[in-house]
Amino acid sequence: MNNWFFKFAWSVMRPVSHVLFRLQIEGTERLPAHGAMLCANHSSNWDPILIAIALPMDYGLRAMAKDSLFRFPPLRWVVEHLGAFPVARGHSDINSVKTAMKAIRDGENLLIFPEGTRVEKEGDVQAKGGVAVIGIRTGAQFVPVFVDGKKRLFHKTRIVFGEPYRPTYTGRHGTAEEVQSIADDLLRRAYDLGRGDQTCRK
């Protein structure tokens, strides 16, 4: 996303967020230029904002966001111009999946939260297998991302981008069990970054 509104919002929010959250950003040098699927743990409404701010302004980021944000027209305009598109939680949303895959195939990068909702701690919610499906079908590079769960004003907040990788699976798109295992492993990698484990399990 590289429109005037995104550039304006990024330029304003980046210095403000650095002051409010004392952002410590690690691993941006690992990021692929395009076709990446950034998969992060999710504990706060601040997560997508802080991740977008941690990235270069011209990174070309799209993001899945809960459909309730799109019901109020003025808010819909804002989130759409920030690069987000809606996903209906709780059931398969084919249109959202198609939009996500098109973004990656068009050379953009996708931010997605495998847990599908905010969680208090690791293990509360299983990763959604659909995340792996999007990556497998587009050939995207998976990038685990960790964001500190506790966000307190004027206290350090870490954002860590892990090593990009492509998972292995059998056949053209993998079995249902492999797809779920890939999604679970991706989420574990994100949390591992918060524990200081930046190794890439292949």
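Above this text is the structure in question.
Residues numbered from 1 in each chain as written. Predicted model: local features only at pLDDT ≥ 70, side-chain atom pairs only at ≥ 80, totals over all residues. Heavy atoms only, no water.

Asks: Whenever I open this one, the overall build of the chain confuses me. Can you help?
Replies: A tally of regular secondary structure across the chain gives six helices and seven strands. Shown N-terminal to C-terminal, the secondary structure of the chain runs as helices and strands in the order α-β-β-α-β-α-β-α-β-α-β-β-α. Radius of gyration (C-alpha) of the chain: 16 Å, near the 17 Å computed for a compact globule of 202 residues. Its C-alpha atoms put the chain at 45 × 40 × 30 Å along the principal axes. (Helix = DSSP H or I, 4+ residues; strand = E, 2+ residues; numbered from the N terminus. Rg over C-alpha atoms; globule rule 2.2 N^0.38 Å.)

Asks: Please explain the sheet that holds strand β1 (residues 23-26) as it appears in this structure.
Replies: Remark on secondary structure: sheet strands pair via backbone hydrogen bonds, oriented parallel or antiparallel. The seven strands lie next to each other as β1-β7-β6-β2-β5-β3-β4, forming an open sheet whose pairing is mixed. Edge positions in the open sheet fall to β1 and β4 (84-87), since each of these has one partner strand only. Across the sheet, the axes of successive neighbouring strands diverge by a mean angle of 20°, strand direction being ignored. Where strand β2 (residues 36-40) meets strand β5 (residues 109-112), three bridges bridge the pair, whose relative direction is parallel. Its bridge partner lying in β5, Cys39 is registered against Ile112. Contacts from helix α6 (residues 176-194) reach β2, β6 (141-147) and β7 (157-161), with the element oriented near 45° to β6. (Pairing = 2+ DSSP bridges. Axes fitted to C-alpha atoms, helices over the stretch in contact; angles between N-to-C directions. Contact = heavy atoms within 4.5 Å.)

Asks: Hey, could you run me through the environment of Ala88 in this one?
Replies: Looking at where Ala88 falls in the secondary structure, it is placed in the loop between β4 and α4 (94-105). Spatially, the C-alpha atom of Ala88 lies 6.3 Å from that of Lys66, the residues being 22 residues apart in sequence.

Asks: Where do I start with the packing of helix α1 (residues 4-21) against helix α2 (residues 47-54) in this structure?
Replies: For any two helices packed against each other, the geometry is given by the interaxial angle and the distance between the axes. Contact geometry for α1 and α2: axes closest at 10 Å, N-to-C directions at 110°. Classified by the angle between their axes, α1 and α2 sit roughly perpendicular to one another. Here α1 contributes Trp10, Met13, Arg14, Ser17 and Phe21 to the contact with α2, which in turn contributes Ile49, Leu50, Ala52, Ile53 and Ala54. Residue classes in the contact of α1 with α2 are distributed as eight nonpolar, one polar and one charged. (Parallel < 35°, antiparallel > 145°, perpendicular 65-115°, else oblique. Nonpolar A, V, L, I, M, F, W, Y, C, P; charged D, E, K, R; others polar.)

Asks: Looking at this structure, how should I read the packing of α1 against helix α3 (residues 73-81)?
Replies: Running from amino to carboxyl end, α1 crosses α3 at an angle of 85°, the nearest separation of the two axes being 8 Å. One finds that α1 runs roughly perpendicular with respect to α3. Between α1 and α3, the residues in contact are Trp4, Phe5 and Phe6 and Trp77, Val78 and His81, respectively.

Asks: It is not clear to me how α2 should be interpreted in this structure. Could you clarify?
Replies: In an α-helix, one full turn covers 3.6 residues, which means residues spaced three or four apart are oriented alike. Among the eight residues in α2, six count as buried, and that is most of the element. Listed as buried for α2 are Asp47, Leu50, Ile51, Ala52, Ile53 and Ala54. (Buried < 20%, exposed > 50% of the residue type's maximum accessible area, 1.4 Å probe, protein only.)

Asks: Could you clarify how one ought to interpret the pairing of β7 in this entry?
Replies: On a regular strand, one side chain projects to one face of the sheet and the next to the other, so that they alternate. Burial within β7 is extensive, with five of its five residues counted as buried. Pairing between β1 and β7: four bridges, direction parallel. Bridged to Ile25 within β7 is Ile159. Strand direction decides the pairing type here: β6 and β7, joined by three bridges, are antiparallel.

Asks: Please clarify how the nonpolar core should be interpreted in this entry.
Replies: Most often, soluble globular proteins keep nonpolar side chains buried together rather than apart. Counting residues in each nonpolar core, the largest one holds 25 residues, and the members touching the most others are Met37, Met64, Leu110, Ile112 and Ile134. Listed by contribution, the elements that provide at least two residues to this core are β2, β4, α4, β5, α5 (129-138) and α6. Ranked by residues supplied to this core, first place goes to α6 with six residues. Apart from residues no more than four positions distant in its own chain, Leu110 is found in contact with Ala36, Met37, Leu38, Leu61, Arg62, Ala63, Met64, Phe85, Ala100, Ile104 and Ile134. (Core = buried A, V, L, I, M, F, W, Y, C linked by side-chain atoms within 4.5 Å.)

Asks: Got a minute to help me understand unusual backbone geometry in this structure?
Replies: For residues that are not glycine, phi is negative in most cases, and the peptide bond is trans in most cases. A positive phi angle, near 45°, is found at Arg22, a position not held by glycine. Position of Arg22 relative to the elements: it lies in the loop between α1 and β1. In this structure, Phe154 is a non-glycine residue whose phi angle is positive, near 65°. With respect to the secondary-structure elements, Phe154 resides in the loop between β6 and β7.

It is worth stressing that arrangement in space is one thing and function is another; only the former is reported here.
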